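One letter stands for each residue in the lines below.
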Amino acid sequence: MTTPLEDGRNPAPARRRRTGLYLLPFLLFVILAGFFLAQLMSGRDGSVVPSALLDAPAPETDLPALAGMNVPGLRSADFAGKVTLVNVFASWCAPCREEHPTLIQLAKDKRFSLVGLNYKDKEDNARGFLGELGNPYAAIGVDASGRKGIDWGVYGVPETFVIGRDGRIAYKFVGPLTPEGVSKKLMPAIEAAMTKTPTQ
């Protein structure tokens, strides 16, 4: 019987390959941990996700109305000439329930229009959700398949877009709106959009 050294084969490279395979998951973990730590230490606001659509025209949208709510569907043609908040919501979304009182308060401000994009929801459930909590929306578009949400670059629910009077996306807020989030982030974006003329 010959040993590995006697038959001309060196076991060291095989051992090194096995050791490398064992270290790979650890190295991936270290890289990912470093990335997330850098994000945390950067001071960037996690509620604001960069969007390729910022300052671009709002996606062409013509969604049917949510039946039984006595408000029209969602049409991007209606954005022109006024500031509009497009709130992406669903009845199955727990954070949407959390933010709803804030939306009810926002709807009282008549300087802008608050509209809803009902995302991947069942219409009966959406009606029940709004029937229980109140309807803050001047229009509601039903996006049952979620395809229009893809056009809007929706990452999750809820999300809120500020559309300027020129029909362009001026700001995107990701996550549930709170009174603090409205006063510190959303309202300044709304007011900036209101002061900007459509030709600017």
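Just so it is clear, the model here is predicted, and its values are computed rather than measured.

## Comments concerning the packing of aromatic side chains
Right, so step 1: Tallied over the entire structure, the rule returns 4 aromatic pairs.
Right, so step 2: Summarising the aromatic geometry, the rings of Phe89 and Phe129 are spaced 6.2 Å apart at their centres and angled 25° between planes, so their arrangement reads as stacked. Here the residue Phe89 occupies a position in strand E3 (residues 84–89), and Phe129 occupies one in helix H3 (residues 123–133), the gap between them amounting to 40 residues.
Right, so step 3: Of the residues examined, Phe89 reaches a relative accessible area of 1% and is grouped as buried.
Right, so step 4: Residue classification places Phe129 among the buried residues on the basis of a relative accessible area of 3%.
Right, so step 5: Site record: aromatic cluster; members linked through ring pairs are Phe79, Trp152 and Phe161.

## Considering the pattern of salt bridges
Right, so step 1: Summed over all chains, the structure comprises 9 salt bridges.
Right, so step 2: We note a salt bridge from Arg75 to Asp78, for which the minimum N-O separation is 2.9 Å.
Right, so step 3: Residue Arg75 is classed as partly exposed on the basis of its relative accessible area, which comes to 36%.
Right, so step 4: For Asp78, a relative accessible area of 35% translates into the label partly exposed.
Right, so step 5: A single network of salt bridges, built from pairs that share partners, joins Glu123, Asp124 and Arg127.

## Things to note about the sheet that holds strand E6 (residues 159–163)
Right, so step 1: Taken in spatial order, the 5 strands of this open sheet run E5-E4-E3-E6-E7, and their pairing is mixed. A strand with exactly one partner marks an edge of an open sheet, and here the two such strands are strand E5 (140–143) and strand E7 (169–174). Sheet twist, expressed as the mean angle between neighbouring strand axes with direction ignored, is 20°.
Right, so step 2: Here helix H5 (residues 179–195) sits on the sheet in contact with E3, E6 and E7, set at roughly 165° to E7.

## What to know about H5
Right, so step 1: Between its first and last C-alpha atoms H5 spans 22 Å; for 17 residues at 1.5 Å apiece the expected length is 24 Å, and the two agree.
Right, so step 2: Residues of H5 that are buried include every one of Gly181, Val182, Leu186, Met187, Ala189, Ile190, Ala193 and Met194, and no others.
Right, so step 3: Residues of H5 that are buried in the fold lie against E3, helix H2 (94–106), E6 and E7.

## Describing unusual backbone geometry
Right, so step 1: With omega at 0°, the peptide bond leading from Val157 into Pro158 counts as cis.
Right, so step 2: Structurally, Pro158 is set in the loop between helix H4 (147–151) and E6.
Right, so step 3: The backbone of Asp55 sits at a positive phi, close to 70°, despite the residue not being glycine.
Right, so step 4: You can see Asp55 is positioned in the loop between helix H1 (12–41) and strand E1 (62–63).
Right, so step 5: Despite not being glycine, Asn70 shows a phi value in the positive range, around 60°.
Right, so step 6: Turning to its location among the elements, Asn70 is positioned in the loop between E1 and strand E2 (74–75).

## Quick word on the confidence of the model for the chain
Right, so step 1: The pLDDT averaged across the chain works out to 85; a share of 73% of its residues lies at or above 70.
Right, so step 2: In this model residues 35–49 is a low-confidence stretch, pLDDT under 50, and it forms 11 contacts with partners more than four residues away in sequence or in other chains.

Basis of the calculations
- Residues numbered from 1 in each chain as written.
- Predicted model: local features only at pLDDT ≥ 70, side-chain atom pairs only at ≥ 80, totals over all residues.
- Heavy atoms only, no water.
- Phe/Tyr/Trp six-rings, centres within 6.5 Å; stacked < 30°, edge-to-face > 60°.
- Helix = DSSP H or I, 4+ residues; strand = E, 2+ residues; numbered from the N terminus.
- Buried < 20%, exposed > 50% of the residue type's maximum accessible area, 1.4 Å probe, protein only.
- Salt bridge = Lys/Arg side-chain N within 4 Å of Asp/Glu carboxyl O.
- Pairing = 2+ DSSP bridges.
- Axes fitted to C-alpha atoms, helices over the stretch in contact; angles between N-to-C directions.
- Contact = heavy atoms within 4.5 Å.
- Expected span 1.5 Å × (residues − 1).
- pLDDT = per-residue confidence, 0-100.

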